[in-house]
Amino acid sequence: MRGLLPALVVGARTGGPMQVRARIAAVRSWRRALARPDTSALPDAWDRVLIQRAAVWMFVGGGGVNGMTALTSDVEVTGPLLVVSGLLVLIAVELALLRRPRLWVLQAHAAAGVVLVGVVVALVGDAGLAPVYLLWPAVLVAWFSSWRALAVHLALLTFVLVTAMAVHGGVERPLDTVVAVLVTAAVIAGLITFLTRRQARLRAELALAADTDPLTGLLNRRAFEVRAVVALARARERGSPLGLVLFDLDHFKRVNDDHGHHWGDEVLVRFARVLRAASRDGDLVARLGGEGFVVLLPGAAERDAVAYTRRGAGAPGGQSVGPVTVPTASAGVVTAAGPGGAAGGSVGDAVRLADAAMYAAKAAGRHRTAVWGDPIRLTDLTAAAALDVAT
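Digging into the sheet that holds strand β1 (residues 242–249)
Turning to step 1, where the next piece is worked out: Taken in spatial order, the 6 strands line up as β2-β3-β1-β6-β7-β8 in an open sheet, and their pairing is mixed. Looking at strand neighbours, the two that pair on one side only are β2 (284–289) and β8 (377–380), the edges of this open sheet. Each strand axis lies, on average, 20° off the axis of its neighbour in the sheet, ignoring direction.
Turning to step 2, where the next piece is worked out: Of the pairings in the sheet, the one linking β1 to strand β3 (residues 292–298) comprises 7 bridges and is antiparallel in character. Paired with phenylalanine 247 across the strands is phenylalanine 293, a residue of β3.
Turning to step 3, where the next piece is worked out: Where helix α10 (residues 221–238) meets the sheet, its contacts fall on β1, β2, β3 and β6 (329–337), and the angle it forms with β2 comes to roughly 135°.

Now the structure itself:
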């Protein structure tokens, strides 16, 4: 409900019920996309590089501090402490040599760090504040792990600390030490996990906002082009067809001139709803700007793309939105990949060809579909819609 209220307020201020419904649909799609924290909160490739580097320096720093403690403190276990320091440095080197380690590998290294700190506590008790160093791997895990993984790590930390102090046997006020270390680790790690996940969520929200046309809730041009490049490469790799359809509302300027931009926006929202309803999961539907829309249809050959234009451009014409009769639309079709496709062309080339076909449809009388080719082939959408109704 918190996400829908702003949509209602903004829609009420900037337009009528059609815009409210479009904004609510966009917000709901955002919420569905953001309801997957396990994927949206995962670190990307650059974040993993930073995490790996931080882990390397954590082990190097731990080895250095432990070595200094062994050499400068009045302890009787200097040799074992130096061995632990050597192990920490070796783990740092091994971790630095790994290429693109998985998250569970980083978590396993953090667990190894906890165990080695536990060995130090078992050897020297709380000399040199050794238990405090258990916070280091806890902070590292909190950076990139889920709440469940963090809880498991804190449970391991508690077990290791209690066992280490029991082995040493000479720690003063062991319960106070356990509580202090555990509470501090839980608070700091929990705060880091919360802030990290919040940051990831905000980044996902910004990415969705940057990819969405604010009026219709469809993809914007930039987001469409990015996704279309991937879809085109995949279609050519698999040898599957890929249809591209470009729509343009006929005489749309008259709507703005005669009724104002408010009702022009309502018409655009209505047409966007029609395209969304006519599309399948996996189709890319976008507003290019103004009254232009584009749809990418994976797996759709020329015949399928033409049939789609009947459901899209043929459906809204003649309907009413307030005082406005929704204008018809003209469509240009091009097969971007597959049999008869524009081999070697880019997404931009396919859009330009579809645009040229669409203008040929307008020149032939509007409310038509034009299929790019030599020659361009035209279909009267009025006749096609009548045929669909008759059947």
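Examining the packing of aromatic side chains
Turning to step 1, where the next piece is worked out: Summed over all chains, the structure comprises 4 aromatic pairs.
Turning to step 2, where the next piece is worked out: Centre to centre, the rings of tyrosine 133 and tryptophan 136 are 5.3 Å apart; their planes meet at 85°, and the pair counts as edge-to-face.
Turning to step 3, where the next piece is worked out: Classification of tryptophan 136 as partly exposed rests on a relative accessible area of 34%.
Turning to step 4, where the next piece is worked out: Ring geometry for phenylalanine 247 and tyrosine 308: centres 6.1 Å apart, planes at 55°, overall tilted. In this pair, phenylalanine 247 is assigned in strand β1 and tyrosine 308 in helix α13 (residues 302–312), connecting sequence segments 61 residues apart. Each member of the pair phenylalanine 247 and tyrosine 308 is classed as buried.
Turning to step 5, where the next piece is worked out: Taken together, the ring pairs connect Phe247, Phe271, Phe293 and Tyr308 into an aromatic cluster.

A word on the nonpolar core
Turning to step 1, where the next piece is worked out: Among the nonpolar cores identified, the biggest contains 42 residues, and Phe59, Val121, Leu134, Leu140 and Leu161 are the most heavily contacted of them.
Turning to step 2, where the next piece is worked out: Where this core is concerned, the elements lending two or more residues are α4 (45–72), α5 (78–97), α6 (103–124), α7 (135–144), α8 (147–168) and α9 (174–211).
Turning to step 3, where the next piece is worked out: Dropping the residues within four chain positions of it, phenylalanine 59 is found in contact with Leu88, Val89, Ile91, Ala92, Leu95, His109 and Gly113.
Turning to step 4, where the next piece is worked out: Counting 30 residues, the second largest nonpolar core, distinct from the first, contains Phe252, Val267, Val321 and Ala331.

Notes on the side chain of histidine 109
Turning to step 1, where the next piece is worked out: Its location among the elements puts histidine 109 in helix α6.
Turning to step 2, where the next piece is worked out: Residue classification places histidine 109 among the buried residues on the basis of a relative accessible area of 12%.
Turning to step 3, where the next piece is worked out: Contacts of histidine 109, omitting those with residues within four sequence positions, involve Phe59, Ile91, Glu94, Leu95 and Leu98.

Focus: the environment of leucine 150
Turning to step 1, where the next piece is worked out: Structurally, leucine 150 can be placed in helix α8.
Turning to step 2, where the next piece is worked out: Spatially, the C-alpha atoms of leucine 150 and valine 139 are 9.4 Å apart, while their sequence positions differ by 11 residues.
Turning to step 3, where the next piece is worked out: Those residues in contact with leucine 150 that sit more than four places away from it in its chain are Ala138, Val141, Ala142, Ala189, Gly190 and Thr193.

Remarks on unusual backbone geometry
Turning to step 1, where the next piece is worked out: A positive phi angle is found at arginine 100, which is not glycine, with a value near 50°.
Turning to step 2, where the next piece is worked out: Positionally, arginine 100 belongs in the loop between α5 and α6.
Turning to step 3, where the next piece is worked out: By relative accessible area, arginine 100 is classed as exposed at 80%.
Turning to step 4, where the next piece is worked out: Of note, the phi angle at arginine 366 is positive, near 70°, even though the residue is not glycine.
Turning to step 5, where the next piece is worked out: Judged by its relative accessible area of 30%, arginine 366 is partly exposed.

Some remarks on the pairing of β2
Turning to step 1, where the next piece is worked out: Among the 6 residues in β2, 5 count as buried, and that is most of the element.
Turning to step 2, where the next piece is worked out: Pairing of β2 with β3, which is carried by 5 bridges, proceeds in the antiparallel orientation. Looking across to β3, one finds that leucine 284 is bridged to leucine 296.
Turning to step 3, where the next piece is worked out: The antiparallel pairing of β2 with β3 creates a hairpin that spans 2 residues between the two strands, and glycine 290 there sits at a positive phi of about 60°.

What to know about α10
Turning to step 1, where the next piece is worked out: Counted at 1.5 Å a residue, the expected span for α10 with its 18 residues is 26 Å, and the 25 Å between its end C-alpha atoms agrees.
Turning to step 2, where the next piece is worked out: Those residues of α10 that fall on the buried side of the exposure criterion are Ala223, Phe224, Ala228, Ala231, Leu232 and Ala235.
Turning to step 3, where the next piece is worked out: Against α9, β1, β2, β3, β6 and α14 (347–363) lie the buried residues of α10.
Turning to step 4, where the next piece is worked out: Glycine 239, located one to two residues past α10, shows a positive phi value of around 70°.

So, how was this worked out
- Residues numbered from 1 in each chain as written.
- Predicted model: local features only at pLDDT ≥ 70, side-chain atom pairs only at ≥ 80, totals over all residues.
- Heavy atoms only, no water.
- Pairing = 2+ DSSP bridges.
- Helix = DSSP H or I, 4+ residues; strand = E, 2+ residues; numbered from the N terminus.
- Axes fitted to C-alpha atoms, helices over the stretch in contact; angles between N-to-C directions.
- Contact = heavy atoms within 4.5 Å.
- Phe/Tyr/Trp six-rings, centres within 6.5 Å; stacked < 30°, edge-to-face > 60°.
- Buried < 20%, exposed > 50% of the residue type's maximum accessible area, 1.4 Å probe, protein only.
- Core = buried A, V, L, I, M, F, W, Y, C linked by side-chain atoms within 4.5 Å.
- Expected span 1.5 Å × (residues − 1).

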